[in-house]
Amino acid sequence: VDGILLQLPLPAGLPEKSLLERLAPTKDVDGLHPVNLGKLVTEDPSGFRPCTPAGILELLAHHGIEIEGRNAVVLGRSTLVGKPLALLLLQRNRNGNASVTVAHSRSRDVPDLVRRADLLVAAVGSPRFVRGEWIRPGATVVDVGIHRVDNGSGGTQIVGDVDFPTAVLVAGALTPVPGGVGRMTVAMLLRNTVLAWKRHGEAARVPSD
Ligand SMILES: NC(=O)c1ccc[n+]([C@@H]2O[C@H](COP(=O)([O-])OP(=O)(O)OC[C@H]3O[C@@H](n4cnc5c(N)ncnc54)[C@H](OP(=O)(O)O)[C@@H]3O)[C@@H](O)[C@H]2O)c1
């Protein structure tokens with residue numbers, strides 16, 4: 001076994017923190033063990049990066065969206081998405097170097113914070129939370145949310161944390177839900193797993209003294 005993912009959120013009553021700590025950091029392909037989170041803080045590339053934030057950076061880089069020097073606003077401060085993403089956006093490299101604001105449920109005037117964003121990432125966990133009128137024209141908007149909601153005609157549909165119909169009229173770029181960040185998360189999980197497999201192979205080849 002080269003990689004292990006603890007699928008979050010856990011059912012009520014299971015201790016997330018202590019279960020994450022039981023993973024071997026070298027097999028923690030979701031990057032949520034304290035050792036890997038510490039390496040994220042210290043910009044140590046030997047750690048695994050959490051998949052959803054890493055996927056967002058990969059998506060932005062692929063589409064040539066500049067981050068350096070821009071105002072990035074992250075809505076949400078979870079350990080799974082908001083906090084690691086804020087750290088990645090801050091990193092001293094060409095895929096980082098943003099000025100980062102992190103908003104949460106106690107933040108004042110969230111629409112006003114959103115209006116300052118050149119890059120907005122919504123990871124709030126509330127369907128269609130971000131309205132188009134909050135968004136600065138031309139801003140890049142990344143929607144992390146996934147919610148199944150009533151479609152008004154007896155069925156259901158998947159929506160994100162951003163109100164797509166109003167946001168798409170203002171944003172310079174906007175990720176779809178489904179088919180955006182979710183797919184990138186899966187791709188990064190596979191990348192980390194292959195990386196774990198390679199590193200385990202290299203470790204096995206190192207002769208012991
Ligand atoms: N696409 C993917 O691969 C993927 C991966 C992970 C998660 N998700 C989705 O992304 C969303 C967020 O996930 P998560 O795990 O980060 O959720 P979470 O743990 O519930 O965190 C939500 C964050 O949003 C903040 N928040 C809640 N209401 C707010 C408000 N009115 N204004 C500003 N901030 C507010 C919360 O603040 P407090 O800290 O103050 O409570 C919290 O920090 C969910 O819809 C989840 O299903 C998608």
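Keep in mind it's a predicted model, so treat the numbers as computed, not measured. Counting starts from 1 at the beginning of each chain's written sequence and moves along it residue by residue. Side-chain atom pairs in this predicted model are given and counted only at pLDDT of 80 or more, local residue features only at pLDDT of at least 70, and totals for whole chains, interfaces and linings cover all residues. Derived side-chain values reflect all non-hydrogen atoms in the structure, with water molecules and hydrogen atoms excluded from consideration.

> I'd like a description of the packing of helix α3 (residues 51–62) against helix α4 (residues 82–90), backed by residues and values.
For helices, the fitted axis covers only the stretch in contact; all axes are lines through C-alpha atoms, and the angles between them, taken along N-to-C directions, range from 0 to 180 degrees. For helices the rule is a DSSP run of H or I covering at least 4 residues; for strands it is a run of E covering at least 2, with both sets numbered from the N terminus onward. Across the interface, α3 lies against α4 with an axial gap of 8 Å and an inter-helix angle of 40 degrees. Here α3 lies oblique to α4, going by the angle between them. At the point where α3 passes α4, the crossing takes the right-handed sense. In this structure, α3 uses P53, A54, I56 and L57 to contact α4, whose residues at the interface are P84, L85, L88 and L89. Roughly parallel refers to an angle under 35 degrees, roughly antiparallel to one over 145, roughly perpendicular to one between 65 and 115, and oblique to any angle outside these ranges. Two helices crossing with the near one rotated counterclockwise from the far one by less than a right angle form a left-handed crossing, whereas a clockwise rotation gives a right-handed crossing. The contact definition used throughout considers only heavy atoms, calling two residues in contact when any of these lie within 4.5 Å.

> Any details on the site of the ligand? Residues and values, ideally.
Near residues are defined by distance, with any heavy atom within 4 Å of the molecule or strand qualifying the residue. The full set close to the ligand counts 21 residues, and R77, S78, S105, V144 and T185 are the nearest of them. Between I146 and the ligand, the recorded distance is 3.4 Å, taken from a backbone N or O atom to an oxygen atom. Polar contact is defined as a pair of N or O atoms within 3.5 Å, subject to the rule that within protein one atom must be able to donate a hydrogen and the other to accept it, and that residues adjacent in sequence are counted only when both atoms are side-chain atoms. Between an oxygen atom of the ligand and a side-chain N or O atom of T185, the distance comes to 2.8 Å. Note that accessible areas follow from Shrake-Rupley with a 1.4 Å probe, and for residues the cover is restricted to the protein chains shown. Bound to the protein, the ligand loses 69% of the 920 Å² it would expose on its own. If one sorts the elements of the shell around the ligand by residue count, helix α7 (residues 181–205) sits on top with three residues. For the shell around the ligand, the class distribution of residues is nine nonpolar, 10 polar and two charged. Polarity classes work like this: nonpolar for Ala, Val, Leu, Ile, Met, Phe, Trp, Tyr, Cys and Pro, charged for Asp, Glu, Lys and Arg, and polar for all others, with Gly in that last group.

> I'd love a proper account of the pattern of salt bridges, names of residues and values included.
Salt bridges are defined as contacts in which a side-chain nitrogen from Lys or Arg sits within 4 Å of a carboxyl oxygen from Asp or Glu. Under the definition given, this model contains eight salt bridges. The salt bridge involving R70 is made with D118; its shortest N-O contact spans 3.9 Å. Placement of the pair is R70 in the loop between α3 and β1 (71–75) and D118 in the loop between α5 (110–115) and β3 (119–122), with a sequence separation of 48 residues. Exposed residues in this analysis have more than 50% of their type's maximum accessible area, buried residues have under 20%, and partly exposed residues fall in between, with area computed by a 1.4 Å probe over protein chains only. Relative accessible area serves as the criterion here: at 33%, R70 is assigned to the partly exposed category. Among the salt bridges present, the one from R136 reaches D118, with a minimum N-O distance of 3.0 Å. Pair noted here: R136 is in the loop between β3 and β4 (140–143) and D118 is in the loop between α5 and β3, with a separation of 18 residues, a long-range link. Look at the salt bridges and you will find they share partners, linking R70, D118 and R136 into a network.

> Lay out the packing of aromatic side chains with the relevant residues and their values.
Here the aromatic set is Phe, Tyr and Trp, taking the six-membered ring for Trp, and pairing holds for ring centres within 6.5 Å; pairs whose planes are under 30 degrees apart are stacked, those over 60 apart are edge-to-face, and all others are tilted. Within the structure shown, the criterion is met by one aromatic pair. When the ring of F129 is compared with that of W134, the centres are 5.4 Å apart and the planes differ by 85 degrees; the resulting orientation is edge-to-face. What makes F129 partly exposed here is its relative accessible area of 29%. Above the plane of the ring of F48 lies R199, whose end atom (NZ or CZ) is 5.0 Å from the centre. Cation placement over rings: the criterion is NZ of Lys or CZ of Arg within 6 Å of the ring centroid and within 35° of the ring normal.

Functional significance is not addressed by these values, which are geometric in nature.
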